[in-house]
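# Secondary and tertiary structure notes
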Amino acid sequence: MNRLSIKIVWRTMCILLQFEAVFMFLSAIVSFVYNEPEFIHLIISTGVTFLFGIIGILFTRDVKNLQMGKREGYMVVSLIWIVFSFFGLLPFYLSGHIPDFTDAFFETMSGFTTTGATILTDIESMPHGLLFWRSLTQWLGGMGIIVLSMAILPIIGAGGMSMFTAEVPGPTKDKLHAKLDYTAKILWSIYAAITLIESVILWLCGMDYFDAICHSFTTMASGGFSTKAASIAYWHSPLIEYIIIVFMIMSGINFTLYYHMLRGRFKKLTHNEELKAYLIIILVMTTLVMGSLLIHHNNIMGTEKAFRYALFNVTALITTTGFANSDYTTWAPFVWTVLLMMMAFGACAGSTSGGIKTVRITLLLKNSYYEFKRLIHPNAVIPVRFNEKVVKPQLIDNVQAFVFLYLIVVIVSVLFFTACGLDFDNAVGTSISAVSNVGPAIDQYGPMANYAPMPPLCKWYMCLLMMAGRLELFTVFMIFTPSFWKK
């Protein structure tokens, strides 16, 4: 394997910065329409981002005909989230709405990784342009920065597939077409179309068009940033809550299944084991939470309200969206346990959600069950089957390694946060929430709170967790291995 080419990495990231500048400029237009003084800060930020990208492209003209290798691909995917967050914080920082650099970086990284953890204490005071940019960061990060670049400006070379594999969540990557750029176009087209549909429905049901667009961005991205401090609870509308529930569930489904559905291949949906498991988990956990609410809080909520609150919060956390319609930290500890499990599980592979993913949970359970059979019949060949296909042993090994690494990261993070002064409940909740890209945790950092009081060192560590979780751990940790750097 050839030595890593830093120039190729640098040039690719500078090209990608042009995309960020374009979307930042859209936020400046929103600010201009609302006649806000922050328009100038968004324009300056756009100019700085665009100029830096142009300079980088000009200084690397000698590598424009070279192909990107696998290591360059993984390096770009790992670094682009940091680079995008660094330039993406400029509107918040220059405008003075987030005057602390650490907080500005935290908010932006939380946006691009679709985590939804916020340090803002008075969201309603934020201007429209900055709120739009804040929501847009999540929408861009939801389907993926690299996937977007492939859809608009295909990246040629062996690194293209490596970058796609590194960014798209899940143990398997579905190519809908032989050409990778066509797959990227399909995924982003479906993503954008569903976002548009949701925004229209929310607008028709009571949100103004600005809030409807912002919440559609962050719903489909499984991000959870809201334009209101009370999140979805601000509207006191069961109808809006049910609409958000439907689209959160949709955001947690593998987007390739929508393509098959549009092509009339309905068997792909009805025979998909992961989709069935995902919906069953939501149903079972909603029933458990609803039962707890009716037992412990029957004096303040009836059956419909208990069902809605249970379904909303289970869906918000299994899809790692993190929206809130109530403060679940006031509920029974049993509910906390269920919701922490949902944070860790995550939704389907190929969706915009974080977490371990339902496919991995299903494969682990199946493999464990078959292991009992193998012990009883040691000479029998009993392979794991998924979606009517035999699963390769390498994939089972990959799933086991991922879950083990996930648990190690959570344990180390709990140790780190407790060493920094957080109590055990907050350390566990924050660790799972950050690495699963959920946003809200439990106790002090629950759905109606924020991360402003968190020590700066913990915020930087959370940024690392958010990025590692968004890229499914292996991509980020790979660049720290000696073999990655060997020629």
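Structure: see above.
If you're wondering where the values come from, they're calculated on a predicted model, not measured in any experiment.

### Quick word on the overall build of the chain
The helix and strand inventory of the chain stands at 22 helices and 2 strands. The globule rule puts the C-alpha radius of gyration for 487 residues at 23 Å, and the 22 Å found for the chain is close to it. Expressed as lengths along the three principal axes of its C-alpha atoms, the size of the chain is roughly 65 × 60 × 55 Å. Taking all 487 residues of the chain together, 60% fall into the buried category. Residue pairs in contact within the chain that sit at least 24 positions apart in sequence constitute 72% of those at least 6 positions apart. Taking the 32 positively charged and 28 negatively charged side chains of the chain as two groups, their mean positions are separated by 16 Å.

### Here's the deal with unusual backbone geometry
Despite not being glycine, Ser231 has its phi angle at roughly 60 degrees, a positive value. Here Ser231 falls in the buried class, since its relative accessible area comes to 6%. You will see that Leu473, though not glycine, has its phi angle at about 65 degrees, which is positive. On the secondary structure map, Leu473 appears in the loop between α20 (456-470) and α21 (474-478).

### A closer look at a positive patch on the surface
On the surface, a cluster of positive charge is made up of Arg263, Arg265, Lys268 and Lys389. By the secondary structure assignment, Lys389 is in strand β2 (residues 389-390). Classification of Lys389 by relative accessible area gives exposed; the value is 59%.

### Section: the packing of helix α14 (residues 273-296) against helix α15 (residues 303-318)
Direction vectors running N to C along α14 and α15 enclose 135 degrees, while the axes themselves pass 8 Å from each other. Classified by the interaxial angle, the pair formed by α14 and α15 is oblique. Considering only the axes of α14 and α15, their crossing is right-handed. Contacts from Tyr278, Ile281, Ile282, Met285, Thr286, Val289, Met290, Leu293 and Leu294 of α14 reach α15 at Thr303, Ala306, Phe307, Tyr309, Ala310, Leu311, Val314, Thr315 and Ile318. Its residues assigned to classes, the contact of α14 with α15 shows 15 nonpolar, 3 polar and no charged.

### Observations concerning a nonpolar patch on the surface
Nonpolar side chains collect at one region of the surface, where Trp10, Phe50, Leu51, Phe52, Ile54, Ile55, Leu58 and Phe59 lie side by side and expose about 780 Å² of accessible area between them. Here the element with the most residues in the nonpolar patch is helix α2 (residues 39-59); it accounts for 7 residues. Topologically, Ile54 is positioned in helix α2.

### With respect to the environment of Asp100
Note that Asp100 resides in the loop between α4 (90-95) and α5 (101-112). In this structure the C-alpha to C-alpha distance between Asp100 and His215, which are 115 residues apart in sequence, comes to 26 Å. A polar contact is formed between the side chain of Asp100 and the backbone nitrogen of Thr102, at a distance of 3.1 Å.

### Here's the deal with the environment of Lys268
Here Lys268 lies in helix α13 (residues 267-270). Taking the relative accessible area as the measure of exposure, Lys268 reaches 42% and is therefore partly exposed. Sequence separation of Lys268 and Thr256 is 12 residues, and the distance between their C-alpha atoms is 9.6 Å. If near-sequence neighbours (up to four positions away) are discounted, Lys268 is found in contact with Leu257 and His260.

### Topic: the packing of aromatic side chains
Two aromatic rings, taken as a pair, are described by how far apart their centres are and by the angle between their planes. Tallied over the full model, the rule gives 26 aromatic pairs. Relative to Trp331, the ring of Tyr309 has its centre 6.3 Å away and its plane inclined at 20 degrees; by these criteria the two rings are stacked. Here Trp331 lies in the loop between α15 and α16 (333-345) and Tyr309 lies in helix α15, a separation of 22 residues in the sequence. On the accessibility criterion, Tyr309 (13% relative accessible area) is buried. Taking the centre distance of 4.9 Å and the plane angle of 5 degrees together, the rings of Tyr445 and Tyr451 count as stacked. Judged by relative accessible area, Tyr445 falls into the buried class, the value being 3%. The structure contains a cluster of three or more aromatic residues connected by ring pairs, namely Phe52, Phe86, Phe87, Tyr93, Phe101, Phe105 and Trp460. Here the basic side chain of Arg134 rests over the ring of Phe225, its NZ or CZ set 3.8 Å away from the ring centre. Geometry around Tyr234 places Lys228 over its ring, the cationic atom sitting 4.7 Å from the centre.

### A look at the environment of His41
Turning to its location among the elements, His41 is positioned in helix α2. Beyond its immediate stretch of four places on either side in the chain, His41 contacts Leu94 and Ser95.

The rules behind each value
- Residues numbered from 1 in each chain as written.
- Predicted model: local features only at pLDDT ≥ 70, side-chain atom pairs only at ≥ 80, totals over all residues.
- Heavy atoms only, no water.
- Helix = DSSP H or I, 4+ residues; strand = E, 2+ residues; numbered from the N terminus.
- Rg over C-alpha atoms; globule rule 2.2 N^0.38 Å.
- Buried < 20%, exposed > 50% of the residue type's maximum accessible area, 1.4 Å probe, protein only.
- Contact = heavy atoms within 4.5 Å.
- Lys, Arg positive; Asp, Glu negative; His and termini not counted.
- Charge placed at Lys NZ, Arg CZ, Asp CG, Glu CD.
- Patch = residues over 30% accessible without salt bridge, like charges linked within 9 Å, V, L, I, M, F, W, Y side chains within 5 Å.
- Areas by Shrake-Rupley, 256 points an atom, 1.4 Å probe, with all protein chains shown as cover.
- Salt bridge = Lys/Arg side-chain N within 4 Å of Asp/Glu carboxyl O.
- Axes fitted to C-alpha atoms, helices over the stretch in contact; angles between N-to-C directions.
- Parallel < 35°, antiparallel > 145°, perpendicular 65-115°, else oblique.
- Left-handed = near helix turned anticlockwise from the far one by under 90°.
- Nonpolar A, V, L, I, M, F, W, Y, C, P; charged D, E, K, R; others polar.
- Polar contact = N/O pair within 3.5 Å; in protein donor to acceptor, adjacent residues only side chain to side chain.
- Phe/Tyr/Trp six-rings, centres within 6.5 Å; stacked < 30°, edge-to-face > 60°.
- Lys NZ or Arg CZ within 6 Å of the ring centre and 35° of its normal.

Worth remembering: the numbers are spatial, not functional.
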